[in-house]
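Descriptive analysis of the structure
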There are 2 protein chains.
Amino acid sequence: MTISSFHPPQRTLMGPGPSDVSPRVLEALARPTIGHLDPAFVGMMDEMKALLQYAFKTENALTLPVSAPGSAGMETCFVNLVEPGDTVIVCQNGVFGGRMKENVVRIGATPVMVEDDWGTVVDPDKLESALKANPDAKVVAFVHAETSTGAQSDAETLVKLAHDHDCLSVVDAVTSLGGSPLKVDEWGIDAIYSGTQKCLSAPPGLSPVSFSERAAEVIRTRKSPVQSWFLDLNLVMGYWGAGAKRAYHHTAPINNLYGLFESLVMLQEEGLENAWTRHELNHQALRAGLEAMGLSFVVKEGDRLPQLNAVRIPDGIDDATVRSRLLNEYQLEIGAGLGTLAGKVWRIGLMGYASSPRNVVYCLTALEAVLADMDAPVNKGVAVSAATQRLQKG
Amino acid sequence: MTISSFHPPQRTLMGPGPSDVSPRVLEALARPTIGHLDPAFVGMMDEMKALLQYAFKTENALTLPVSAPGSAGMETCFVNLVEPGDTVIVCQNGVFGGRMKENVVRIGATPVMVEDDWGTVVDPDKLESALKANPDAKVVAFVHAETSTGAQSDAETLVKLAHDHDCLSVVDAVTSLGGSPLKVDEWGIDAIYSGTQKCLSAPPGLSPVSFSERAAEVIRTRKSPVQSWFLDLNLVMGYWGAGAKRAYHHTAPINNLYGLFESLVMLQEEGLENAWTRHELNHQALRAGLEAMGLSFVVKEGDRLPQLNAVRIPDGIDDATVRSRLLNEYQLEIGAGLGTLAGKVWRIGLMGYASSPRNVVYCLTALEAVLADMDAPVNKGVAVSAATQRLQKG
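Residues numbered from 1 in each chain as written. Chains lettered and ligands numbered in written order. Predicted model: local features only at pLDDT ≥ 70, side-chain atom pairs only at ≥ 80, totals over all residues.

Here we come to the overall build of chain A. When helices and strands are tallied, chain A shows 14 helices and 13 strands. Relative to the 2.2 N^0.38 estimate, which gives 21 Å for 394 residues, the radius of gyration of chain A is 21 Å and therefore close to what a compact globule would have. By its C-alpha atoms, chain A is 65 × 55 × 50 Å across when sized along the principal axes. In chain A, which comprises 394 residues, the proportion classed as buried is 59%. Of all intrachain contacts in chain A linking residues separated by at least 6 positions in sequence, the fraction that spans at least 24 positions is 73%. (Helix = DSSP H or I, 4+ residues; strand = E, 2+ residues; numbered from the N terminus. Rg over C-alpha atoms; globule rule 2.2 N^0.38 Å. Buried ≥ 20, exposed ≤ 12 C-beta atoms within 10 Å, placed from the backbone. Contact = placed C-beta atoms within 7 Å.)

Rotating chain A by 180° about the axis while translating it 0.0 Å along that axis superimposes it on chain B, leaving an RMSD of 0.0 Å. On the angle and the small slide along the axis, the relation comes out as a two-fold axis. Closest approach to the rotation axis within chain A is made by the C-alpha atom of Ala68(A), at a distance of 2.5 Å. A share of 100% of the interface residues of chain A reappears at the interface of chain B, consistent with the copies meeting face to face through the same patch. (Least-squares fit on C-alpha atoms with pLDDT ≥ 70 in both.)

Residue-level contacts link 65 residues of chain A with 65 residues of chain B. The leading source of residues in the side of chain A that touches chain B is helix H10 (residues 254-270) of chain A, at eight residues. Taken together, the residues of the side of chain A that touches chain B break down into 32 nonpolar, 22 polar and 11 charged. (Nonpolar A, V, L, I, M, F, W, Y, C, P; charged D, E, K, R; others polar.)

A few words on the sheet that holds strand S5 (residues 139-143) of chain B. All names here are of chain B. Pairing in this open sheet of seven strands is mixed, and the strands run S2-S10-S9-S8-S5-S3-S4 from one edge to the other. Edge positions in the open sheet fall to strand S2 (62-66) and strand S4 (110-115), since each of these has one partner strand only. Within the sheet, the average angular offset between the axes of one strand and its neighbour, ignoring direction, is 15°. Here strand S3 (residues 87-92) pairs with S4 via six bridges, running parallel. (Pairing = 2+ DSSP bridges. Axes fitted to C-alpha atoms, helices over the stretch in contact; angles between N-to-C directions.)

Once that is clear, we can look at the domain arrangement of chain A. Residue and element names in this part refer to chain A. As far as domains go, chain A holds domain 1 (23-268) and domain 2 (272-393). A C-alpha centroid distance of 29 Å is found between domain 1 and domain 2. Contributing elements (two or more residues each) for the side of domain 1 that touches domain 2: helix H2 (39-56) and strand S7 (151-152). Split by residue class, the side of domain 1 that touches domain 2 holds 11 nonpolar, 11 polar and one charged. (Domains from an automatic or database assignment.)

As a further point, take the environment of Cys199(B). Residue and element names in this part refer to chain B. When you line up the elements, Cys199 lands in the loop between strand S9 (191-193) and strand S10 (207-211). Linking Cys199 and Gly179, residues 20 residues apart in sequence, is a C-alpha distance of 5.2 Å. Apart from residues lying up to four places away in sequence, Cys199 is in contact with Thr175, Leu177, Gly178, Gly179, Gln307, Met351 and Gly352.

Residues that lie three or four places apart on an α-helix share one face, since the helix turns once every 3.6 residues. All names here are of chain B. Burial in helix H14 (residues 383-393) covers these residues: Ala383, Val384, Ala386, Ala387 and Arg390. The buried residues of H14 occupy one face: seen down the axis, they fall within an arc of 160°. Away from the buried face of H14 by more than 90 degrees, exposed residues Gln392 and Lys393 are located. Where H14 is buried, its residues touch helix H11 (272-293) and helix H13 (357-373). (Arc of directions from axis to C-beta.)

Residues and elements named next belong to chain A. Here four strands make up an open sheet; going across it, the order is S1-S12-S13-S11 and the pairing mixed. In this open sheet, the two strands that pair with only one neighbour each are strand S1 (12-14) and strand S11 (308-312). Between one strand axis and the next, the sheet turns through 30° on average, direction left out of account.

What follows deals with the pairing of S2(B). Residues and elements named next belong to chain B. Of all the five residues making up S2, five are buried; the element is thus mostly covered by neighbouring parts of the structure. Sheet analysis places S2 next to S10, joined by five bridges and oriented antiparallel. Paired with Val66 across the bridge in S10 is Ser207.

Turning next to the packing of H11(B) against H13(B). All names here are of chain B. Running from amino to carboxyl end, H11 crosses H13 at an angle of 15°, the nearest separation of the two axes being 9 Å. Comparing the axis directions of H11 and H13 gives the class roughly parallel. Judged by the twist between their axes, the crossing of H11 over H13 is right-handed. Across the interface between the two elements, Asn282, Ala285, Leu286, Gly289 and Met293 of H11 pack against Pro357, Val360, Cys363, Leu364 and Glu368 of H13. (Parallel < 35°, antiparallel > 145°, perpendicular 65-115°, else oblique. Left-handed = near helix turned anticlockwise from the far one by under 90°.)

Right, let's talk about the confidence of the model for chain A for a bit. Residue-level pLDDT values for chain A average 97, and 99% of them are 70 or greater. Two numbers describe this predicted complex: its pTM, 0.98, and its ipTM, 0.97. (pLDDT = per-residue confidence, 0-100.)

Below, the discussion takes up helix H8 (residues 213-220) of chain A. All names here are of chain A. Those residues of H8 that fall on the buried side of the exposure criterion are Ala215, Ala216 and Val218. Looking straight down H8, one finds that the buried residues subtend no more than 155° of arc, so they occupy a single side. Exposed and oriented more than 90 degrees from the buried face of H8 are Glu213, Arg214, Glu217 and Arg220. In this structure, the buried residues of H8 make contact with strand S2 (62-66), helix H3 (70-81), strand S8 (168-172), strand S9 (191-193) and strand S10 (207-211).

Residues and elements named next belong to chain A. The element strand S12 (residues 332-336) is largely enclosed, with a buried count of five among its five residues. In the sheet, S1 pairs with S12 via three bridges, with the strands oriented parallel. Bridge pairing links Thr12 to Leu332 in S12. Two elements, S12 and strand S13 (residues 345-349), share two bridges in a ladder whose sense is antiparallel. If you follow Ala336 over to S13, its bridge partner there is Trp346.

Attention now moves to the packing of H3(A) against helix H4 (residues 95-107) of chain A. Residues and elements named next belong to chain A. Between H3 and H4, the least distance of the axes is 10 Å, while the angle of their chain directions is 40°. Judged by the angle between their axes, H3 and H4 are oblique. Viewed along their axes, H3 and H4 form a crossing whose handedness is right-handed. Here Met74, Glu75, Phe78 and Val79 of H3 come into contact with H4, specifically with Arg99, Met100, Asn103, Val104 and Ile107. In the contact of H3 with H4, the residues fall into six nonpolar, one polar and two charged.

Let's shift gears to unusual backbone geometry. All names here are of chain A. Here the amide bond leading from Gly17 into Pro18 is cis, since omega sits at 5°, within 30 degrees of zero. Residues other than glycine seldom take positive phi values, yet Lys57 does so here, at roughly 55°. Position of Lys57 relative to the elements: it lies in the loop between H2 and S2. Judged by C-beta crowding, with 17 C-beta atoms within 10 Å, Lys57 ranks as partly exposed.

As structure tokens, then:
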């Protein structure tokens, strides 16, 4: 056996994440590794927390990047806040609500499901009914930005309902952080997790989380130990907590943290609200182009995520063939449907560094060329001009 | 608030890990991010498994890098193999046996502790007594290379004892993999986990694991679900398993995997046995120098790890002052003692890329200079020549 170095192709990443990573962030990854207790690293950790607080719009002290991907961020929220026997109301309108349910079950807690059709948002009325029917519920969990469908639920309203019924709120913001309005303190979110490979455009592998003081108190006063040693925030805070003294818990993923740090510095340079505006404009341009081609969105207007555009695949067109041709002929990755939407939709991401006019134009050009070559029932020669007109309007 | 880019200092990393990362590996980290389901990435995953099998000396099909640091690799082994109510014999001779116990307790299983003094190896006779006294035990767990003390236990003998009593073996090889002899198949190890930031000299953040067919069967036929969704190997194998079809489970830490891959390619180029020999020679040289200075090892000869050298701090010398001066004046990191050894020992790593004559000489030079300046009771002017003589002998 002789295996040689791996040199990945240069893609354009317009799927559901990872998104294109800026050369600045890639360069940061390659900076020299230092120790996880090095004073220089500890200083960086303090600044990292400040940058994450900025991105989340929070002053929560318990704000840090979990040393593993978004799925572990989700698990961090559930295993720390929920104990065996608790009741958790889980709103599901796509893949990731189902994953939340799995987390609750594996803790030995009871999930109460509030189901909405995939592609729609979480219905506050259904949540309210569930809260009234389950007065002993401790937590309400929902996905702010459903990556599997592109639907954006009204987090502020859902959190308020949870609080009205004395529940904590757990919010999945994997795809919203940095890409569309998200205001942790103003909305009163108690626990939130995200990922680095979506609108922050850092490589995957870390999960920013934040907990309100109320949630932190629940964690500190648990009756039973957190079932995961690795994710136990009572221990993790010995390393990421305030103060100069940092106790070793696990070895932090040093270089991945360099990458996240650089991407957060870039977000701060641009300005969070400016980043939201950029995502919205590029979404509108992509939308104009896709609709000019005759493609239709899965999610109704007003409920759409600007950073994740799910569109229906035209009749008679094979999903895998199109994605494979885009990848091989154009080095362009777009996403497949998940779960019940598999084979029926494409998911086109415009996330973080990848949310650019260049990518909008390139994606429309490539998609139109491939669909035209496959004799798909789409309008030809109109997508790019529709998109650029929309971009000019600003 | 304005926070600017983080540029870490260039250190020489001779602590307990992370170790110095080769420029080749750092460069690999910065290669373009691609999708976790990209065919090019999936091809890399197959080669990654082959490289890990080479490093572990195993043909286990269930061999992969867990998407989180070594602590999560430990938790992966325990939560997948152990169910509530099981009895697990945990051998403890340092910090990490204690962490194993925590894992067992949090599953709702019963740990039976076999205790040995810190700095000594696990005593096979004590393990045998525990096995006889606990005929219902399901798993024997121990640390092959105790990073907290530098003691190397006889894994082959301990695994054989476990098998003689119909137990599975779980082995912590965080510090041994790539640095000292480790033969998973020949020794019959059932489950093993390691880290990337020790003798593989990749950045921290991933945990290579491997499971025998017998262990894999135990995981497939569990009575209860694995308590962690993120670490459930029955799910993870849908992504890392054999075959062209890869099901999304979580988003893999793409760029960190590029780094691990490159470090494993380098290990294969050098040859695993050659790497073991190199670690041993540099250890002997460092030892000659340290002993010439008058410093003594915590672990007795024959039980020492070549890659982790724990030596006693001379009387009257303040631990933190020395380490701080080494860091600030020489950009050199060595490790502090952990647990009961805190303040009493230094841990000097010679791991992976950092196991070099250059680092041996540099460390001895810097340590001698600082200790001499602090009027420590050590012999002066002899360490480097003792080390170089030992290196010349080969």
